[in-house]
Amino acid sequence: MGSFIRRGVAIGLLFAQSICAIDLDVENRDSVVKAAGVMAKDMVSYYHGAEPGRIPGLLDYPLYWWEAGAMFGALIEYWHYTGDTQYNAITTQAMSFQIGEDKDYAPRNQSASLGNDDQAFWAIAAMAAAEYNFPPSTQPGVPSWLALVQAVFNEQVGRWNTQWCNGGLQWQVIPQNRGYPLKNTISNGCLFQIAARLARYTNDPMYAAWAVKIWDWLYRIGLINDAFQVYDNSEAIQNNCSRLDHNQWTYNAGVMLLGAATMYNYTNGDPIWENRTRGLLDSLPPLFFPNGVMREGCEDAPNVCNDDQKSFKAYLSRWMAITTKMAPFTYNTVYGLLKSSSKAAAAQCNGGSTHTKCGIKWTQNGTWDGTDGVGQQMCALEVTLGLLIKETPPPLTNSTGGTSISNPTAGKNSTLGKLAPTSLITTGDRVGAWFLTVVIVIFAAWSTWFLWSEAWEYRDPTPRLREKSRMAASVVDLSAGGKGKSVAPESMMASGALPTITEDAKARLPRWLGGNRVT
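Residues numbered from 1 in each chain as written. Predicted model: local features only at pLDDT ≥ 70, side-chain atom pairs only at ≥ 80, totals over all residues. Heavy atoms only, no water.

Turning to the overall build of the protein, a few remarks are in order. If you tally the helices and strands in the protein, you get 16 helices and five strands. The burial tally for the protein puts 51% of its 519 residues in the buried class. Taking the intrachain contacts of the protein between residues at least 6 apart in sequence as the baseline, contacts between residues at least 24 apart amount to 66%. When the accessible area of the protein is evaluated, it comes to approximately 24600 Å², of which 56% is carbon and sulfur surface. (Helix = DSSP H or I, 4+ residues; strand = E, 2+ residues; numbered from the N terminus. Buried < 20%, exposed > 50% of the residue type's maximum accessible area, 1.4 Å probe, protein only. Contact = heavy atoms within 4.5 Å. Areas by Shrake-Rupley, 256 points an atom, 1.4 Å probe, with all protein chains shown as cover.)

Moving on, we get to the pattern of salt bridges. With the rule as written, the count across this model stands at eleven salt bridges. The residue Arg-54 makes a salt bridge to Asp-60 at a minimum N-O spacing of 2.5 Å. Residues joined in a network through salt bridges with shared partners are Asp-102, Arg-108 and Lys-412. (Salt bridge = Lys/Arg side-chain N within 4 Å of Asp/Glu carboxyl O.)

This next bit is on the nonpolar core. Generally speaking, nonpolar side chains in soluble globular proteins are found buried as a group. Membership of the largest hydrophobic core comes to 141 residues, with the highest contact counts inside it found for Tyr-105, Tyr-315 and Met-320. Not counting chain neighbours up to four residues away, the residues in contact with Tyr-105 comprise Trp-65, Met-95, Gln-98, Ile-99, Gln-119, Trp-122, Ala-123, Ala-126, Trp-145, Leu-148 and Val-152. (Core = buried A, V, L, I, M, F, W, Y, C linked by side-chain atoms within 4.5 Å.)

Here we take up the sheet that holds strand 2 (residues 233-235). Read from one edge of the open sheet, three strands run 1-2-3, paired in antiparallel fashion. Among the strands making up the open sheet, the edge pair consists of strand 1 (182-184) and strand 3 (244-245). Taken together, the three bridges between strand 1 and strand 2 define a ladder with antiparallel strand orientation. The residue bridging Leu-182 from the neighbouring strand is Glu-235, located in strand 2. (Pairing = 2+ DSSP bridges.)

Computed from the structure, the largest pocket encloses a volume of approximately 620 Å³. Secondary structure elements with two or more residues in the lining of the largest pocket: helix 3 (65-82), helix 5 (116-131) and strand 1. Considering each element in turn, the lining of the largest pocket owes the most residues, three residues, to helix 5. Taken together, the residues that form the lining of the largest pocket break down as twelve nonpolar, nine polar and six charged. (1 Å grid on protein atoms, 1.4 Å probe; cavity = no way out; pocket = protein on both sides within 12 Å on 5 of 7 lines; lining within 4 Å. Points joined across faces, edges and corners; volume = space filled by probe spheres on them. Nonpolar A, V, L, I, M, F, W, Y, C, P; charged D, E, K, R; others polar.)

A large share of helix 4 (residues 88-97) lies buried, amounting to seven of its ten residues. When we look at burial in helix 4, the residues that qualify are Asn-88, Ile-90, Thr-91, Thr-92, Ala-94, Met-95 and Ser-96. Each element contacted by the buried residues of helix 4 is listed here: helix 2 (29-44), helix 3, helix 5 and helix 6 (145-158).

This paragraph deals with the packing of helix 11 (residues 312-326) against helix 13 (residues 374-385). For the pair helix 11 and helix 13, the least separation of the axes is 7 Å and the interaxial angle reads 15°. By the angle between their axes, helix 11 is roughly parallel relative to helix 13. Between helix 11 and helix 13 lies a crossing of left-handed hand. In contact with Phe-312, Lys-313, Ala-314, Tyr-315, Ser-317 and Arg-318 of helix 11, helix 13 contributes Met-378, Cys-379, Glu-382 and Val-383. Tallied by class, the residues present in the contact of helix 11 with helix 13 amount to six nonpolar, one polar and three charged. (Axes fitted to C-alpha atoms, helices over the stretch in contact; angles between N-to-C directions. Parallel < 35°, antiparallel > 145°, perpendicular 65-115°, else oblique. Left-handed = near helix turned anticlockwise from the far one by under 90°.)

Okay, the packing of helix 11 against helix 12 (residues 331-347) next. Where helix 11 meets helix 12, the axes come as close as 9 Å, and the angle between the chain directions of the two elements is 150°. Comparing the axis directions of helix 11 and helix 12 gives the class roughly antiparallel. Crossing handedness for the pair helix 11 and helix 12: left-handed. Of the residues in helix 12, those in contact with Ser-317, Met-320, Ala-321 and Thr-324 of helix 11 are Tyr-331, Val-334, Leu-337 and Leu-338.

Before going further, it helps to examine the state of the cysteines. Taken as a whole, this structure holds three disulfides when the rule is applied. A disulfide bridge connects Cys-298 with Cys-305, and the sulfur atoms are separated by 1.9 Å. In this structure, the disulfide formed by Cys-298 and Cys-305 twists by about 100° around the S-S bond and is classed as right-handed. For Cys-305, a relative accessible area of 11% puts it in the buried group. Here Cys-349 engages in a disulfide with Cys-358; their sulfurs sit 2.0 Å apart. Judged by the sign of its S-S torsion, about 110°, the bond between Cys-349 and Cys-358 is right-handed. With a relative accessible area of 0%, Cys-349 lands in the buried category. Taken in sequence order, the bonded cysteines of the protein link in the pattern 1-2, 3-4, 5-6. Cys-358 provides the cysteine sulfur closest to Cys-379, a residue in no disulfide bond, and the two sulfurs are 9.4 Å apart. (Disulfide = S-S within 2.5 Å.)

This part takes up the side chain of Ser-137. In this structure, Ser-137 sits in the loop between helix 5 and helix 6. Ser-137 gets classed as buried once you look at its relative accessible area, which sits at 15%. Among the polar contacts listed, one links the side chain of Ser-137 to the side chain of Ser-96, at a separation of 2.8 Å. Excluding residues within four positions of it along the chain, Ser-137 makes contact with Thr-92, Ser-96, Val-142 and Trp-145. (Polar contact = N/O pair within 3.5 Å; in protein donor to acceptor, adjacent residues only side chain to side chain.)

Just geometry here; none of it tells us what the structure is for.
So, in structure tokens, the structure goes:
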């Protein structure tokens, strides 16, 4: 009976989930827009920065600052694809508030964990705002969206570090931050994509030259291989990028895909960039689309994906969709993958209190995996928006209607990334430091003893009888041949005179008793 009841409850829950799941007809624009609206609403429900007393642009703990930038980038995409303006105000507020003291998306209160990739995700959101003519900020002192991107670009190329690995950005901006020794693909890939998009928007070849330089460096050290597989990072300071972390993540492949496609567009179809774009796209299905549904590698085991990783599929989805506008030959492959993935994603968006919250796993035949959050919502939203890419206008340039004002010298060309020490502390350094510490301690102890001891003081050879008379109340008569036999002083000497003693005895008596031994 109990088993029967449990089965009934399980069936009931599944039925309820199927009733509340987001209804998505991938071939119908109105259905797609409606589904995207539900996903966007649930995503924004986690954001409280626009509320009184809260800080605009920050998500609640434990989510990091960079993911807020990614979320507002998703809201800019949502506005561009659907025309829904209801989130524009909070987006502009956050994008303006977080520009930082130097107007470069590097606020000092984030410096304790500021990565080049963190700064770049905010810049990528601003790049989309420039390319889509997103309404500019009306707050005093806030630069144009384009100028903010240029500020980040200028500062990051100023951090290009040839001391190790003959180039590349460190992961972290501050040398003291954990993770600084790594040169990772997402930091360098974001700069690559920003350079390519700036080249296309401004038609300035300087940006294109940097895009080429970054791609060549990533390929040279092996983070992109001949099969267009994109690996995660390499340790620079100890290993000089001689060993790689071969983990592959969706967002690493995605950031390089859109960058390559944008260079294909900028160069009017250069075969080199066409080959790279095709190669990257062809590498995706075996790795990230088993049975045609997008999947992150960490999903294979239960509860392994961290909060960052739960958002990665959003960026691959976003960048795949925009790739079709930069390189139209990619459309059929991209649309097919987005179509099957969006259907699977929407089917499992039946969780949480709203019964529309999305999980991270889309391969469970419509079963919600029990997780929810900004990352999960962003992934479902972005893959769904991709279904609208065909009828959505392409990103603008300054020659096709883009109105964001350029400032090629924006930013402070930060020296933060140039503070790296010649080398990090090694085991040898630690041994040397301990040895030096021991030497200093021993020297300090000896100095203390030296200052307090009388052994090194000069002594007056004249006996000071008045000072020592109480110590001479009895004198050993060594000449009498009886050790330890006391003799009254007055029987041995006249007043004011020392007793007569042998040379042998003098050698054993202290000087203050007339002997030769120094005490």
